[in-house]
Amino acid sequence: MKSAPNPSAKKRNFPLKWLVALALLLVLSAGTGFSYFVVYKEQFYRLFHVHYQQYPDDVIENIYWLEKAVKADFCNPRNALAKITSEKDWEKYRYLFMMHVNLKLIEQHMRLAATFDKEVAYFYEAPWKDQYLRDLEKAQQCFQTGLVYWQEAKLWAEKASTGNFQFLFLPDIQNWEDERYRIANGELNYEKILNRELARLAKVRDTFLAMDEETY
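Draft legend 1. Spotlight on the packing of helix α5 (residues 129–159) against helix α7 (residues 190–209). For the pair α5 and α7, the least separation of the axes is 10 Å and the interaxial angle reads 165°. Comparing the axis directions of α5 and α7 gives the class roughly antiparallel. The element α5 and its partner α7 pack so that their crossing is left-handed. Each residue belonging to the contact of α5 with α7 can be placed in one class, and the counts come to 14 nonpolar, five polar and six charged.

Here is the structure:
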């Protein structure tokens, strides 16, 4: 019987592009004539990028940069990603930045989950069910991590939506303002999306678990 494709084949070489990016970063930081130290949130965020065709190592690289952006300090307001003219501008900008980065982390974890996800458990895949079950567990972890980031995103969105900022808008980051608005009115709800994906994934897992030597 012809062997089935390896379900993990598309997951090879995750760290390659990630390590290359880190190596380049170290070179740029250590250079004497051309040094560029990446230390602030905005600098790490600029390293985040989405390709038309995004492979798992691209996603892992993006998650790395975004998590670094979450932990780093903000740059001076004059170098922010939006025009800052007052302390109130600066306060709202910081809230929106943190909300936006957490939303991007959710998106990237969902992309990573898609690498391991199995939307349908076909009966003829029974011989490889253990591998698929391991993959589904990884997808589950990605979705659950997304829920953690969603709680953070909601918290920052709420801070940016208080009455103190009712008539204050930062046009340079209008897309972040739109995200905040969509969270506030319930139009954007990753908790609902992620829980739906987790419920679907659980059904696929149960189907694989029910398979035995008689299935195929």
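Draft legend 2. Focus on the confidence of the model for the chain. Here the chain averages 87 in pLDDT, and 82% of its residues register 70 or above. pLDDT under 50 marks residues 7–17. Its contacts with residues more than four places away, or in other chains, come to 21 contacts. In the model, residues 26–35 has pLDDT below 50 throughout and makes six contacts with residues more than four positions away in sequence or in other chains.

Draft legend 3. Layout of the packing of aromatic side chains. Under the defined criterion, the tally for this structure stands at 18 aromatic pairs. For the ring pair tyrosine 45 and phenylalanine 97, a centre distance of 5.9 Å and an interplane angle of 65° mean the geometry is edge-to-face. With tyrosine 45 in helix α2 (residues 41–46) and phenylalanine 97 in helix α4 (residues 87–116), this residue pair connects regions lying 52 residues apart in the sequence. When its relative accessible area of 16% is taken as the criterion, tyrosine 45 is described as buried. Since its relative accessible area comes to 0%, phenylalanine 97 is described here as buried. Relative to tyrosine 190, the ring of tryptophan 150 lies with its centre 5.9 Å away and its plane at 75°, an arrangement referred to as edge-to-face.

Each value, and the rule that gives it
- Residues numbered from 1 in each chain as written.
- Predicted model: local features only at pLDDT ≥ 70, side-chain atom pairs only at ≥ 80, totals over all residues.
- Heavy atoms only, no water.
- Axes fitted to C-alpha atoms, helices over the stretch in contact; angles between N-to-C directions.
- Helix = DSSP H or I, 4+ residues; strand = E, 2+ residues; numbered from the N terminus.
- Parallel < 35°, antiparallel > 145°, perpendicular 65-115°, else oblique.
- Left-handed = near helix turned anticlockwise from the far one by under 90°.
- Nonpolar A, V, L, I, M, F, W, Y, C, P; charged D, E, K, R; others polar.
- pLDDT = per-residue confidence, 0-100.
- Contact = heavy atoms within 4.5 Å.
- Phe/Tyr/Trp six-rings, centres within 6.5 Å; stacked < 30°, edge-to-face > 60°.
- Buried < 20%, exposed > 50% of the residue type's maximum accessible area, 1.4 Å probe, protein only.

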